[in-house]
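A structural walkthrough
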Amino acid sequence: MRTRNTAATTTEATTTEGTATDAAVATDAVALRRSVAAGAVGVFVHWFDWAAYAYLAGTVATVFFPAEDSTTGLLAVFGVFAVSFGIRPIGALVFGPLGDRIGRKRTLSLVIFIMSGATLTIGLLPGYASIGIAAPVLLVVLRLIQGFAAGGEFGSAASFLAESAPRRRRGFGVSWLEVGSLLGFLAGSFAFLLLSAGLDENQLVSWGWRVPFLVAAPLGVIGFIIRNKIEDTPEYRALEAGDAIPRSPARELLRSHKRELLQAAGLMAAMHVPFYAVLTYLVTYETDYLGHSADSAALLSTVISLLGLALVPLFGLLSDRVGRKPVFVGATAALLVLSTPAFLLMRTGPAGTWIAGLPLGVILAAILGTYAVWSAEAFPTRTRQSGLSIAYNVTAALFAGTVPYLMTVLISATGSTLVPGPYLMVFAACGLVAALSLRETAGSALLRPEDVPEAAVTEVR
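So, a few notes on the structure that sits alongside this text. (Residues numbered from 1 in each chain as written. Predicted model: local features only at pLDDT ≥ 70, side-chain atom pairs only at ≥ 80, totals over all residues. Heavy atoms only, no water.)

Time to look at helix H12 (residues 249-256). Three or more residues of H12 are buried, namely Pro249, Glu252 and Leu253. One side of H12 carries all its buried residues, which in axial view fall inside an arc of 100°. Exposed and oriented more than 90 degrees from the buried face of H12 are Arg251 and Arg255. Those residues of H12 hidden inside the fold are in contact with helix H4 (88-102), helix H13 (258-289) and helix H17 (384-400). (Buried < 20%, exposed > 50% of the residue type's maximum accessible area, 1.4 Å probe, protein only. Helix = DSSP H or I, 4+ residues; strand = E, 2+ residues; numbered from the N terminus. Arc of directions from axis to C-beta. Contact = heavy atoms within 4.5 Å.)

What follows is the structure, given as structure tokens:
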């Protein structure tokens with residue numbers, strides 16, 4: 001009888017333990033979904049707006065600039081686009097440290113509120129024919145406001161997702177940040193295609209161009225509501241409980257964590273350049289230098305984006321299983337080896353371009369699935385948002401927006417259409433060096449002993 005009772009007790013204890021484990025897994029899954037929704041919605045809205053503005057550049061030029069010189073108007077629109085990139089580091093210097101001082105939740109809510117408000121105002125803005133020179137001036141101001149707020153989006157969202165996701169699924173959770181950006185990019189492109197197919201030129205100029213900007217505003221409101229209802233991260237709450245909120249996180253970052261800042265910048269540079277080269281510049285490269293049709297080039301870009309949507313979370317999950325370093329090092333090493341052969345293959349025709357472009361898309365997906373979580377894990381909690389914001393936006397301003405311009409200049413100067421291959425190799429090497437210098441962080445605790453007193457650390461899972 002005693003044996004049976006012991007066995008029954010053991011079975012009951014095992015069942016109870018299993019039930020508790022199942023409940024914990026379910027709780028983690030719910031928490032992960034909530035954090036993903038809160039973190040990714042802002043980057044979706046941002047990239048939706050970015051794609052819509054880029055694709056509607058010709059129409060925006062017609063609406064906001066004098067009609068006498070369409071080329072000058074188009075250049076002005078792209079100039080406004082570039083300026084909005086240039087102001088992002090300033091936004092990073094404001095919102096990064098602010099998030100380390102007042103919390104991830106508050107900056108997440110603030111940046112999406114500012115971005116959405118500016119986007120809505122652009123959608124309602126009168127054109128040059130109505131208010132003259134005030135129209136392009138207001139457009140510039142509003143794009144500057146958007147760029148300023150966008151400077152705080154990535155650091156806030158990446159910090160929040162990294163600190164909210166379950167430790168063993170952190171790579172998977174943070175990877176959805178890039179899924180949000182790819183979805184936003186595709187949604188903006190799709191909105192442009194619908195408008196182009198359904199409206200004539202006069203309708204597009206008179207009111208159709210406003211639709212994506214007006215649609216983005218309620219999406220931003222939904223995102224603001226989601227973000228405003230979430231709790232701040234366990235790590236940040238531990239800083240508050242331990243009275244360890246940094247007074248000057250940017251100064252602390254530059255004084256004590258310059259190495260981590262440079263390492264994260266290396267990872268991010270190795271992401272920015274392939275992202276813009278493969279997803280945006282490749283369309284121009286195919287049509288201008290390879291003579292392919294615009295439809296074929298756009299289709300390849302769309303397929304690569306869809307491939308990324310499927311693969312980015314899988315690579316994030318893989319990095320949880322095998323580590324950040326094997327995935328990222330493998331991807332950047334492959335980019336280093338295959339970049340120039342890929343562009344050589346593209347010169348053989350459309351079939352060669354597809355055969356070369358799809359592997360580049362897979363490599364990009366591996367980088368996108370790991371760079372953000374590894375960068376987040378590199379910084380201590382006290383300065384995480386500052387480090388992520390500054391590294392991301394400085395490298396974006398220097399290397400992302402300049403890809404089309406530099407490619408055009410270098411191809412013209414050298415007379416070689418192979419330039420993009422070696423250019424990608426340079427940044428693959430930067431990412432590889434940064435990755436090899438970083439320690440493996442998969443499954444590690446984000447809250448470090450130097451962040452807060454030991455008593456507060458125990459509150460974090």
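Okay, the side chain of His257 next. Here His257 lies in the loop between H12 and H13. If sequence neighbours within four positions are ignored, His257 has contacts with Glu252, Pro380 and Thr383.

Summed over all chains, the structure comprises 21 aromatic pairs. Ring centres of Phe95 and Phe148 lie 5.2 Å apart, and the angle between their planes is 55°; this geometry places the pair in the tilted category. One end of the pair, Phe95, is in helix H4; the other, Phe148, is in helix H7 (residues 134-164), with 53 residues separating them in the sequence. Classification of Phe95 by relative accessible area gives buried; the value is 3%. Note on Phe148: relative accessible area 23%, which makes it partly exposed. When the ring of Tyr285 is compared with that of Phe343, the centres are 5.3 Å apart and the planes differ by 85°; the resulting orientation is edge-to-face. Of this pair, Tyr285 sits in helix H13 while Phe343 is found in helix H15 (residues 324-346), placing the two residues 58 residues apart along the sequence. Phe343 sits in the buried class, given a relative accessible area of 3%. Grouping aromatic residues by their ring pairs yields a cluster made of Trp47, Trp50, Phe185, Phe275 and Tyr276. (Phe/Tyr/Trp six-rings, centres within 6.5 Å; stacked < 30°, edge-to-face > 60°.)

The residue Asp232 is located in the loop between helix H10 (210-229) and helix H11 (234-241) in this model. Arg104 provides the closest opposite charge to the buried, unpaired Asp232, separated from it by 5.3 Å. Side-chain polar atoms of Asp232 contact the backbone nitrogen of Lys105, separated by 3.4 Å. Discounting chain neighbours no more than four positions away, the residues touching Asp232 are Ile102, Gly103, Arg104, Lys105 and Arg237. (Lys, Arg positive; Asp, Glu negative; His and termini not counted. Salt bridge = Lys/Arg side-chain N within 4 Å of Asp/Glu carboxyl O. Polar contact = N/O pair within 3.5 Å; in protein donor to acceptor, adjacent residues only side chain to side chain.)

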